[in-house]
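An overview of the molecular structure
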Amino acid sequence: MADVARAAGVSHQTVSRVLNEHPNVREETRIRVLAAIDRLGYRRNMVARALVTRHSRTLGVVSFDTTLYGPASTVYGIERAARAAGYFVSIVSLRTIDRAGVCDAVDYLGDQGVDGIVVVAPQRSAADALADLPTNIPIVAVEGEQEGETPVICVDQMEGARLATSHLLDLGHETVWHISGPSDWLEAEGRVEGWRRTLTAAGREVPELLGGDWSPRSGHAAGRRLATLAERPGRVTAVFVANDQMALGVLRAFAEAGVRVPEQVSIVGFDDIPESEYFTPPLTTVRQDFGAVGRHSIEVLLRRIESPSAAGPERMVILPTLVLRASSSAPPG
C-alpha cells in the first residue's frame, strides 16, 4: 500500500479510502490511485485485513449432492448473492446429510474464520441438526424447519403443490395422482401435504401415493404402473409429479405404453428445470425462484452479522408460480 501511495503521489490513508470506496475522495485522485494499483499489481492481504476489521468477507455454505437441480440452483443463487454483496464463498459439500456431518461442517467453516454460514437443509436430518449448531456465529438455514433461533428461508412447497393440483382439478379432472420425492425430504413432505389437502378440500378421492427418489428412473417405474391403470377408462387422467426429472421418466413410460399426453393423461411437474419446456410435450410445471432464495438468505445473514443483538427466530417464505405448457389439458371426453 505504501508503494501505491508513492507511485500515485498520495498518502497511505488516501489509498485506504480508495480501496474502501470512501466517498470523500476526489475523482481524479481515485483514478490516479487505481491506475497505480493496476500498474503495480497490488492485491490487498485479506488475512491482514481480517485481523484488523475482524471480518473475513467470506461466507460459508453447507450443502450436499449438488447434482440435483434444486440444491444446485439454491447454492448457485446463494453464491451469486454473496458475490454481489462483496463476499467470497467457501462451500462444504457433504456426501450424506446427518446431524454429525452438518455440525462438523459448521465447525470446519467456523475454524476458517467465515463471517457467517448458510446451511442448505432440505432433508429432515439436516433440519434436526440446526438445534445443535453453535450460537457464536450467525447461521441461516435454507429449506429447513424453524428450530430455535436459526432463521429459515424457504419456498412454500405446499402452495406449489396446491397450484399444480388445483390447476388439474380446474381443467375438469376428477382427481389427481401424485408421484412424491423421498420421504425424508422436507420439500417432498410439503408437496404431498399440499396435494392431499387440495384434494380433500375439493371433496375428491385421494389416490394411492406413489414414491420416487427424484430421478427419471424412479419416475419411469411409477409411470409404467400408472400407464397400466390408465388403460381403464377414467382411472388415471391427471398426475402431479414432485419434480421435473421424474416427470421426464413418466413421459417416457407413457410414450412406451402408448398413453398420449395430454390427450389421455395430463402431467404437471415441479422446479421448471431449463429442459422442461423442450420435453415432448413441453411440461407444465411449478417454478421456484432460487435467485430470490439466495438473495434473501444472504440479506438475512448479513443483517445478523452486522447486528448480532437483533438475532431471533425468523422465517421467510417465497411463493412459487405455475408455468403453463402443453402437458396439461381437459380430461378425455
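Heads up: the structure comes first, above all this text.
In what follows, the accompanying structure is described. Here, residues in each chain are numbered from 1, in the same order as that chain's written sequence. Thresholds applied to this predicted model are a pLDDT of at least 70 for local features of residues and 80 or more for the giving and counting of side-chain atom pairs; totals over whole chains, interfaces and linings are not thresholded and use all residues. Where side-chain values are given, they derive from all heavy atoms of the structure, hydrogens and water being excluded.

Comments concerning the overall build of the protein
Put simply, the test is: Helical segments are the DSSP runs of H or I of at least four residues, strand segments are the runs of E of at least two, and each set is numbered from the N terminus. To get the radius of gyration, use the C-alpha atoms; to get the globule rule, take the number of residues to the power 0.38 and multiply by 2.2 Å. Between two residues, a contact is recorded if the distance between any of their heavy atoms is within 4.5 Å. Within this scheme the basic residues Lys and Arg register as positive and the acidic residues Asp and Glu register as negative, but His and the chain ends are omitted. To locate a charge, the coordinates of NZ of Lys, CZ of Arg, CG of Asp or CD of Glu are taken.
Assigned secondary structure in the protein consists of twelve helices and twelve strands. Scaling as 2.2 N^0.38, a compact globule of 333 residues should have a C-alpha radius of gyration of about 20 Å, whereas the protein reaches 25 Å, well beyond that. By principal-axis analysis of the C-alpha atoms, the protein measures approximately 85 × 40 × 30 Å. For the protein, the proportion of contacts with a sequence separation of at least 24, taken over those separated by at least 6, is 70%. Of the side chains in the protein, 34 bear a positive and 41 a negative charge, and the two mean positions are spaced by 6 Å.

Regarding the sheet that holds strand β6 (residues 177-180)
Put simply, the test is: The pairing criterion is simple: DSSP has to find at least two bridges between the two strands. Under this scheme, a helix contributes an axis fitted over its contacting stretch, all axes are lines through C-alpha atoms, and angles between N-to-C directions fall in the 0 to 180 degree range.
With respect to topology, four strands assemble into an open sheet ordered β7-β6-β8-β9, the strand pairing being parallel. Two strands bound the open sheet, and with one partner strand each, they are β7 (210-211) and β9 (266-268). Pairing between β6 and β7: two bridges, direction parallel. Along β7, the bridge assignment pairs serine 180 with glycine 211. Against the sheet, helix α10 (residues 216-230) contacts β6, β7 and β8 (238-241), and its axis sits at roughly 165° relative to β6. Helix α11 (residues 244-257) contacts β6, β8 and β9 of the sheet and is inclined by roughly 165° relative to β9.

What about the nonpolar core?
Formally: We define a nonpolar core as any set of buried Ala, Val, Leu, Ile, Met, Phe, Trp, Tyr and Cys residues linked to one another through side-chain atoms lying within 4.5 Å. For each residue, the accessible area found with a 1.4 Å probe, counting protein chains only, is set against the maximum for its type, and the residue is called buried under 20%, exposed over 50%, and partly exposed in between.
One finds Val102, Ile117, Val119, Ile179, Leu226, Phe254 and Ile267 to be the most contacted residues of the largest nonpolar core, which totals 51 residues. Contact partners of leucine 226, with chain neighbours within four places excluded, come to Trp177, Ile179, Leu210, Val236, Val239 and Phe254. Ranked by size, the runner-up nonpolar core spans 22 residues in total, among them Val120, Ala292, Ile298 and Leu301.

Quick notes on the packing of helix α5 (residues 69-84) against helix α12 (residues 290-306)
Here is the rule we go by: Should an angle lie under 35 degrees it is considered roughly parallel, over 145 roughly antiparallel, and from 65 to 115 roughly perpendicular; all remaining angles are considered oblique. What makes a crossing left-handed is the near helix being turned counterclockwise from the far one by less than a right angle; a clockwise turn instead makes it right-handed. Residues are grouped as follows: nonpolar covers Ala, Val, Leu, Ile, Met, Phe, Trp, Tyr, Cys and Pro; charged covers Asp, Glu, Lys and Arg; every other residue, Gly included, is treated as polar.
In contact at an axis separation of 7 Å, α5 and α12 are set at 50° when each is read in the N-to-C sense. When the axes of α5 and α12 are compared, the pair comes out oblique. Between α5 and α12 the crossing geometry is right-handed. On α12, the residues that touch Tyr69, Gly70, Ser73, Thr74, Gly77, Ile78, Ala81 and Ala82 of α5 are Phe290, Val293, Gly294, Arg295, Ser297 and Ile298. Looking at the contact of α5 with α12 residue by residue, the class counts come to seven nonpolar, six polar and one charged.

Topic: the sheet that holds strand β3 (residues 116-120)
With parallel pairing, six strands are arranged side by side in an open sheet as β2-β1-β3-β4-β5-β11. Edge positions in the sheet fall to β2 (88-94) and β11 (315-318), since each of these pairs with one other strand and no more. Strand-to-strand twist of the sheet, defined as the mean angle between neighbouring strand axes without regard to direction, takes the value 20°. Alignment of strand β4 (residues 139-142) against strand β5 (residues 152-155), held across two bridges, turns out to be parallel. Its bridge partner lying in β5, alanine 141 is registered against valine 152. Here α12 sits on the sheet in contact with β1 (58-64), β3, β4, β5 and β11, set at roughly 160° to β4.

Concerning unusual backbone geometry
The omega angle of the peptide bond from valine 261 to proline 262 is 5°, so this bond is cis rather than trans. Positioned with a positive phi, tryptophan 214 is a non-glycine residue whose angle comes to about 80°. For tryptophan 214, the position within the fold is in the loop between β7 and α10. For tryptophan 214, a relative accessible area of 7% puts it in the buried group. Positive phi is not limited to glycine here, since aspartate 272 has a value of about 55°. Mapped onto the elements of the fold, aspartate 272 is located in the loop between β9 and β10 (285-287).

Side note on the pairing of β4
Just so we agree on the cut-off: For a crossover, the right-handed case is the one in which the path from the first strand over the helix to the second runs clockwise, viewed with the strands pointing away from the viewer.
Across the two faces of β4 the burial is the same, with Ile139 and Ala141 and Val140 and Val142 all buried. With four bridges connecting them, β3 and β4 associate as parallel partners. Across the sheet, residue isoleucine 117 finds its bridge partner in β4, namely isoleucine 139. As a crossover connection, the stretch from β3 through helix α7 (residues 124-129) into β4 is right-handed.

Digging into the packing of helix α8 (residues 157-170) against helix α9 (residues 186-201)
As a packed pair, α8 and α9 sit with axes 7 Å apart at the nearest point and diverge in direction by 40°. With respect to each other, α8 and α9 are oriented oblique. Taken as a pair, α8 and α9 cross one another with a handedness that is right-handed. The residues of α9 that touch α8, namely those facing Gln157, Met158, Ala161, Arg162, Thr165, Ser166 and Leu169, are Glu187, Gly190, Arg191, Glu193, Gly194, Trp195, Arg197, Thr198 and Leu199.

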